[in-house]
2 protein chains.
Amino acid sequence: MRHPFDLSLYLVTDPKLCGPRDFFETVAQAVRGGVTLVQLRDPDAGTRELVAIARRLKALLEPSGVPLIVNDRIDVALAAGADGVHLGQSDMEGADARRLIGEERILGISVGNASEHEASREALSGADYIGVGPVYTTATKANSGAAIGLEGLAAVTRAVGLRSVAIGGIGASNAAACIAAGAEGVAVVSAIMGADDPQAAAQALLEEIRTAKDTQ
Amino acid sequence: MRHPFDLSLYLVTDPKLCGPRDFFETVAQAVRGGVTLVQLRDPDAGTRELVAIARRLKALLEPSGVPLIVNDRIDVALAAGADGVHLGQSDMEGADARRLIGEERILGISVGNASEHEASREALSGADYIGVGPVYTTATKANSGAAIGLEGLAAVTRAVGLRSVAIGGIGASNAAACIAAGAEGVAVVSAIMGADDPQAAAQALLEEIRTAKDTQ
């Protein structure tokens, strides 16, 4: 029922983190470099603006087949025809979200650590994958909790039993370690959005990840 | 197709404006006093919290038949089974909203003045009513624009040609004037939520409004 998707290199985008460079051009370069999923996250934008950004991203991604995931806002995802939503621990619960998005859209949910998961098994209902982290400390997202490290990543992925993508402070130097710890892919923000050459940065990351998967 | 609704006395609620008093008890008193619609507006709450508040309000309103309207968040309205949504000028456009909420739910859209409307005729597509204001200056909502006065209220209501509810600085002393200017009802926040006796305040307002309608 669900469209197939590849968690290998998951780009989380925030239009505000793009600096002087054009946001959509940066995402386009990242897609040429091989990112396999794109998430729109902009908690400060109004609904109308979010819908407009999501529509432009969806049109940009369409030729490549890379799915567009919208953070938190199911209304925006539905209006823009996005391919899925990603929910944090203060966003809608999984079962409610699945009811609204239907059976075809992708549903991802953030999990901080195994005990948080144990406390929210109901909240993970309907999820296709989990975002696990922060694995390392990161300056990109404030209040994202304490870093759980590779051991935390491995423990949560094992405990939850869903496909997982590692997030938090991940770049070319530590992506392979996350795969080795059990993640199916890594989610990055600044390692691509803040790179001098977003396409080359994505290519290098994807190569690290594929090599790590091949040697498992 | 749409459920019938009565705009006469429209309570806009923000859990943060309730002071030490219990939010749900205050709304319950207002309903006993005769409010005809209740809108949940809390732009700072997370999605999960909003859904929980909306569900409690919906359960509270159910016996009275007073419809629950959710501000901006169509995802929250759908998850909680609310009766409609109200959209501001930076929220989703009317046509997108109507597509997501279906034909039975109520759709309201804020209009600040006639020229703003002229610039956004498409944005009003699908609306069942408009919220017009601020009629008077108000401290409740920052950045709500300059007061348009009774003349502005009358002009916008005439120009748009939809049922209208006046909002902004309205209480028992000026509700009748808004009805005389062409509004079908008035929307209040602090005149009820901040009253010593919310039920008595709602009753007094409703009496003003009904008397003004009878003398038209």
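Residues numbered from 1 in each chain as written. Chains lettered and ligands numbered in written order. Predicted model: local features only at pLDDT ≥ 70, side-chain atom pairs only at ≥ 80, totals over all residues. Heavy atoms only, no water.

- In the annotation of an unreviewed UniProt entry, the entry for chain A reads Thiamine-phosphate synthase, and the organism field reads Afifella marina DSM 2698.
- In its Pathway (unreviewed entry) section, the UniProt record describing chain A reads: "Cofactor biosynthesis; thiamine diphosphate biosynthesis; thiamine phosphate from 4-amino-2-methyl-5-diphosphomethylpyrimidine and 4-methyl-5-(2-phosphoethyl)-thiazole: step 1/1."
- Looking at the Function (unreviewed entry) heading of the UniProt record, one finds this comment for chain A: "Condenses 4-methyl-5-(beta-hydroxyethyl)thiazole monophosphate (THZ-P) and 2-methyl-4-amino-5-hydroxymethyl pyrimidine pyrophosphate (HMP-PP) to form thiamine monophosphate (TMP)." (UniProt positions renumbered as here; feature names shortened; annotations may be inferred.)

**Some details on the packing of helix 1 (residues 23-33) of chain B against helix 9 (residues 198-214) of chain B**
Residues and elements named next belong to chain B.
Line of reasoning, step 1. Running from N to C, helix 1 and helix 9 cross one another at 35°; their axes reach a closest spacing of 7 Å. Considering the relative orientation of helix 1 and helix 9, their crossing is right-handed. Counting all contacts with helix 1, which are made through T26, Q29, A30, R32 and G33, the residues of helix 9 involved are P198, Q199, A202, Q203 and L206.
Line of reasoning, step 2. When its residues are assigned to classes, the contact of helix 1 with helix 9 shows 4 nonpolar, 5 polar and 1 charged. (Axes fitted to C-alpha atoms, helices over the stretch in contact; angles between N-to-C directions. Helix = DSSP H or I, 4+ residues; strand = E, 2+ residues; numbered from the N terminus. Left-handed = near helix turned anticlockwise from the far one by under 90°. Contact = heavy atoms within 4.5 Å. Nonpolar A, V, L, I, M, F, W, Y, C, P; charged D, E, K, R; others polar.)

**Some points on the interface of chain A and chain B**
Line of reasoning, step 1. Listed per partner, the contact involves 22 residues of chain A and 22 residues of chain B.
Line of reasoning, step 2. For the pair chain A and chain B, the summed buried area comes to about 1700 Å², and 47% of that belongs to carbon and sulfur atoms.
Line of reasoning, step 3. Counting the surface chain A buries against chain B, the share from its top three residues, R48, D75 and M92 of chain A, is 35%.
Line of reasoning, step 4. Looking at the side of chain A that touches chain B, the elements that each hand over two or more residues are helix 2 (47-61), helix 3 (74-80) and helix 4 (94-101) of chain A.
Line of reasoning, step 5. At 5 residues, helix 3 of chain A tops the list of elements feeding residues into the side of chain A that touches chain B.
Line of reasoning, step 6. Residue composition of the side of chain A that touches chain B, grouped by class: 8 nonpolar, 5 polar and 9 charged. (Buried area = accessible area lost by both parts, 1.4 Å probe.)

**Describing the pattern of salt bridges**
Between side chains of opposite charge, pairing is possible as soon as their charged atoms come close.
Line of reasoning, step 1. Overall, the coordinates contain 26 salt bridges over all chains when judged by the stated rule.
Line of reasoning, step 2. Close ionic contact of R55 of chain A with D96 of chain B constitutes a salt bridge, the shortest N to O distance being 2.8 Å. With R55 of chain A in helix 2 and D96 of chain B in helix 4 (residues 94-101), this residue pair bridges two chains.
Line of reasoning, step 3. Of the charged contacts, one joins R73 of chain A and D72 of chain B as a salt bridge, the two residues approaching to 3.9 Å between their closest N and O atoms. With R73 of chain A in the loop between strand 3 (68-71) and helix 3 and D72 of chain B in the loop between strand 3 (68-71) and helix 3 (74-80), this residue pair bridges two chains. (Salt bridge = Lys/Arg side-chain N within 4 Å of Asp/Glu carboxyl O.)

**Digging into the side chain of T36 of chain B**
Residue and element names in this part refer to chain B.
Line of reasoning, step 1. Structurally, T36 can be placed in the loop between helix 1 and strand 2 (37-40).
Line of reasoning, step 2. The exposure class of T36 is buried, given its relative accessible area of 10%.
Line of reasoning, step 3. Within polar-contact distance, the side chain of T36 engages the backbone oxygen of D6 at 2.7 Å.
Line of reasoning, step 4. Residues within four places of T36 in sequence aside, it is in contact with D6, L7, S8, L9, Y10, V66 and P67. (Buried < 20%, exposed > 50% of the residue type's maximum accessible area, 1.4 Å probe, protein only. Polar contact = N/O pair within 3.5 Å; in protein donor to acceptor, adjacent residues only side chain to side chain.)

**Topic: the environment of G171 of chain B**
All names here are of chain B.
Line of reasoning, step 1. Its place among the elements puts G171 in the loop between strand 7 (163-167) and helix 7 (175-180).
Line of reasoning, step 2. On the accessibility criterion, G171 (13% relative accessible area) is buried.
Line of reasoning, step 3. Setting aside chain neighbours within four positions, we find G171 in contact with A191 and L205.

**Thoughts on helix 9 (residues 198-214) of chain A**
All names here are of chain A.
Line of reasoning, step 1. The end-to-end C-alpha distance of helix 9, which contains 17 residues, comes to 24 Å, matching closely the 24 Å that a straight helix rising 1.5 Å per residue would cover.
Line of reasoning, step 2. Among the residues of helix 9, those classed as buried are P198, A201, A202, L205, L206, I209 and A212. The buried residues of helix 9 all sit within an arc of 125° when viewed along its axis, so they share a single face. Turned more than 90 degrees off the buried face of helix 9, the exposed positions are E207 and D214.
Line of reasoning, step 3. Buried residues along helix 9 sit against strand 1 (9-13), helix 1 (23-32), helix 7 (175-180), strand 8 (185-188) and helix 8 (190-193). (Expected span 1.5 Å × (residues − 1). Arc of directions from axis to C-beta.)

**Overview of the relation of the copies chain A and chain B**
Line of reasoning, step 1. Note on the identical chains: chain A maps onto chain B by a rotation of 180° and an axial translation of 0.0 Å, with an RMSD of 0.0 Å. In the structure described here, the two chain copies are related by an operation that fits a two-fold rotation axis. In terms of C-alpha distance to the rotation axis, chain A has D75 of chain A as its closest residue, with the C-alpha 2.4 Å off the axis.
Line of reasoning, step 2. A high fraction, 100%, of the interface residues of chain A reappear at the interface in chain B, so the copies pair face to face through one surface. (Least-squares fit on C-alpha atoms with pLDDT ≥ 70 in both.)

**Observations concerning the pairing of strand 4 (residues 84-87) of chain B**
Residues and elements named next belong to chain B.
Line of reasoning, step 1. Burial of the side chains of strand 4 extends over both faces: G84 and H86 are buried on one face and V85 and L87 on the other.
Line of reasoning, step 2. Note that strand 3 and strand 4 share 3 bridges and pair parallel. What sits directly across from I69, in strand 4, is G84.
Line of reasoning, step 3. Handedness of the crossover is the feature at issue here: the chain leaves strand 3, passes through helix 3, returns alongside strand 4, and the resulting connection is right-handed.
Line of reasoning, step 4. In this structure, strand 4 lies alongside strand 5 (residues 106-111), joined through 4 bridges in parallel fashion. By the bridge assignment, V85 is partnered in strand 5 with L107.
Line of reasoning, step 5. For the crossover that starts at strand 4, traverses helix 4 and ends in the parallel strand 5, the hand is right-handed. (Pairing = 2+ DSSP bridges. Right-handed = clockwise from strand over helix to strand, strands pointing away.)

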